[in-house]
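The lines below spell out each chain.
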Amino acid sequence: MKYIDEFRDGEQARHIAANIAAEVRPGTSYNFMEFCGGHTHAISRYGITDMLPPSVRMIHGPGCPVCVLPIGRVDLAISLALDRGVILCTYGDTMRVPASDSLSLIKAKARGADIRMVYSAGDALKLAEQHPDREVVFFAIGFETTTPPTALVLRDAAARGVGNFSVLSCHVLTPSAITHILESAEVRQLGTVPIDGFIGPAHVSIVIGSQPYEHFAQEYRKPVVITGFEPLDVMQGILMLVRQVNAGRAEVENEFSRAVTPEGNLAAQKLVSQVFELRESFEWRGLGEVPYSALKIRPAFAAWDAERKFDLHYASVPDHKQCECGAILRGVKRPADCKLFGTVCTPESPMGSCMVSNEGACAAHYSYGRFKDMKVVSA
Ligand code: SF4
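Residues numbered from 1 in each chain as written. Predicted model: local features only at pLDDT ≥ 70, side-chain atom pairs only at ≥ 80, totals over all residues. Heavy atoms only, no water.

- The name an unreviewed UniProt entry gives the protein chain is Hydrogenase maturation factor, with Rhodoferax lithotrophicus as the organism.
- Quoted verbatim from the Sequence similarities (unreviewed entry) field of the UniProt record, the comment on the protein chain reads "Belongs to the HypD family." (UniProt positions renumbered as here; feature names shortened; annotations may be inferred.)

**Things to note about the sheet that holds strand β9 (residues 252-254)**
Phase 1 of the analysis: Spatial strand order, β2-β1-β7-β8-β9: five strands in an open sheet with parallel pairing. The sheet is open, and its two borders are formed by β2 (56-63) and β9, each paired with just one other strand. Taken pair by pair, the neighbouring strands of this sheet meet at an average axis angle of 25°, ignoring direction.
Phase 2 of the analysis: Sheet topology note: the strand β7 (residues 197-200)/strand β8 (residues 224-226) ladder contains three bridges and is parallel. Residue pairing for β8: glycine 200 is matched across the bridge by isoleucine 226.
Phase 3 of the analysis: Across the face of the sheet, helix α11 (residues 231-247) comes into contact with β1 (30-36), β2, β7, β8 and β9 while running at roughly 135° to β1. (Pairing = 2+ DSSP bridges. Helix = DSSP H or I, 4+ residues; strand = E, 2+ residues; numbered from the N terminus. Axes fitted to C-alpha atoms, helices over the stretch in contact; angles between N-to-C directions. Contact = heavy atoms within 4.5 Å.)

**Remarks on the packing of helix α6 (residues 147-160) against helix α12 (residues 266-275)**
Two packed helices can be described by the angle between their axes and the distance between those axes.
Phase 1 of the analysis: It is the contact of α6 with α12, at a shortest axis distance of 9 Å, that shows an interaxial angle of 55°. On the basis of the axis angle, α6 is oblique to α12. As α6 packs across α12, the resulting crossing turns out to be left-handed. Contacts between α6 and α12 involve Thr147, Pro148, Ala151, Leu152, Leu154 and Arg155 from the former and Ala268, Leu271, Val272, Gln274 and Val275 from the latter. (Parallel < 35°, antiparallel > 145°, perpendicular 65-115°, else oblique. Left-handed = near helix turned anticlockwise from the far one by under 90°.)

**Digging into the packing of helix α5 (residues 121-130) against α6**
Phase 1 of the analysis: Close contact between α5 and α6 brings their axes to 8 Å; oriented N to C, the two are set at 25°. Between α5 and α6, the angle falls in the class roughly parallel. For the element pair α5 and α6, the recorded crossing hand is right-handed. Note on element contacts: α6 touches α5 through Pro149, Thr150, Val153, Asp156, Ala157 and Arg160, opposite Ala121, Gly122, Leu125 and Glu129.
Phase 2 of the analysis: Taken together, the residues that form the contact of α5 with α6 break down as five nonpolar, two polar and three charged. (Nonpolar A, V, L, I, M, F, W, Y, C, P; charged D, E, K, R; others polar.)

**Regarding the packing of aromatic side chains**
Phase 1 of the analysis: Applying the stated criterion to the full structure yields seven aromatic pairs.
Phase 2 of the analysis: Between phenylalanine 35 and phenylalanine 143, the ring centres sit 5.8 Å apart and the planes meet at 80°, which makes this aromatic pair edge-to-face. In this pair, phenylalanine 35 is assigned in strand β1 and phenylalanine 143 in the loop between β5 (136-142) and α6, connecting sequence segments 108 residues apart.
Phase 3 of the analysis: Its relative accessible area of 1% is what places phenylalanine 35 among the buried residues.
Phase 4 of the analysis: Classification of phenylalanine 143 as buried rests on a relative accessible area of 6%.
Phase 5 of the analysis: Taking the centre distance of 5.5 Å and the plane angle of 85° together, the rings of tyrosine 91 and phenylalanine 138 count as edge-to-face. Taken together, the positions of tyrosine 91 in the loop between β3 (87-90) and α4 (105-110) and phenylalanine 138 in strand β5 put the pair 47 residues apart, joining distant regions of the chain.
Phase 6 of the analysis: Accessibility expressed as a relative area gives 17% for tyrosine 91, which makes it buried.
Phase 7 of the analysis: Three or more aromatic residues joined by ring pairs form one cluster here, namely Phe35, Phe143 and Trp284.
Phase 8 of the analysis: Positioned above the aromatic ring of phenylalanine 7 is the side chain of arginine 258, whose terminal nitrogen or guanidinium carbon lies 3.7 Å from the ring centre. (Phe/Tyr/Trp six-rings, centres within 6.5 Å; stacked < 30°, edge-to-face > 60°. Buried < 20%, exposed > 50% of the residue type's maximum accessible area, 1.4 Å probe, protein only. Lys NZ or Arg CZ within 6 Å of the ring centre and 35° of its normal.)

**Observations regarding the side chain of glutamate 230**
Phase 1 of the analysis: By the secondary structure assignment, glutamate 230 is in the loop between β8 and α11.
Phase 2 of the analysis: Judged by relative accessible area, which is 13%, glutamate 230 ranks as buried.
Phase 3 of the analysis: Apart from the residues within four sequence positions on either side, glutamate 230 is in contact with Tyr3, Ile4, Phe7, Arg8, Tyr46 and Arg258.

**Remarks on the pattern of salt bridges**
Phase 1 of the analysis: Counted under the stated rule, the structure contains 18 salt bridges.
Phase 2 of the analysis: One salt bridge connects glutamate 230 with arginine 8, and the closest N-O pair in it is separated by 2.5 Å. Here glutamate 230, found in the loop between β8 and α11, pairs with arginine 8, found in the segment before α1 (10-23); they are 222 residues apart in sequence, far enough to count as distant.
Phase 3 of the analysis: Overall, arginine 8 belongs to the partly exposed group, its relative accessible area being 38%.
Phase 4 of the analysis: Taken together, the salt bridges that share partners define one network made up of Arg73, Arg279 and Glu307. (Salt bridge = Lys/Arg side-chain N within 4 Å of Asp/Glu carboxyl O.)

See the structure below:
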């Protein structure tokens, strides 16, 4: 299959692994954060860490949109559905994110709330047109990849005068979160890990291009390699990072040139900027309040902004005391460090957000890596 099989070739993977092993320097450690949940999933699924020398460590970052959604935001969506009688629509994984009072959207649905899973933002708008007597709210989450479709439905709703439709925007921005990981005093206080470079997101970069990382690489002297999601992409990205560290370079390189350009998708960027503007601050699970890291709906579209329409007020809610999602999203801990991992917390019954989506670090490790943690005992 073109563009799939050739990026999963085992022989090629062993060849790149041999190059990485040959090029790492004795006494040097290489700590690379994969920001995006898609890479976390690929690294677990294809056993990439097993092919790396011990001096190369991959650190899971906060790039899974479901994992970084704070409890307080899910609570807002639940209250709209349970207390205000709206039809609340959202993407599948969001339905299972744990919220306050042992609730989630799917549990609220079981209590009678009208909550519906949709495959696209457009489906939510269609639902509003089919039910003119009901308020329909689209609970919109995600990074720069899912933002353009939300912008499109907001523009369409305004153009068609669909007055019973609105969006609860929880769209977040990648470059500001990466910056926050490196510089925030709060993150230093909560704990952090050394990071020598980043595997840059693939799908996000198709939209925003590679340029937004340039300033960041120069300012913080951390190399970034934008990398595709197939195993050979990731292996090649790691080799490129090793080479930058060895050469003392901190540049943005593009391994995923078959899809990512320096300027990205300009039409999508224009559409997003017509509809959205920067939020001064937004809470991320695991990172706390991150300045200018999310988007809110512009005043011109206020009639379709659920926060204004329903006068919603955000309140921060702490995670379950034993849940280590915050530390995992900062790269400080690994899934198996959490006491709840694989016992109380599983993909079927997640206690924390990192166990919900298959891009979450805990779910990926549960599906593909947990047996390696177990001691072998004789029968
Ligand atoms: S195992 Fe569950 S509770 Fe523990 S950090 Fe992962 S998602 Fe959170």
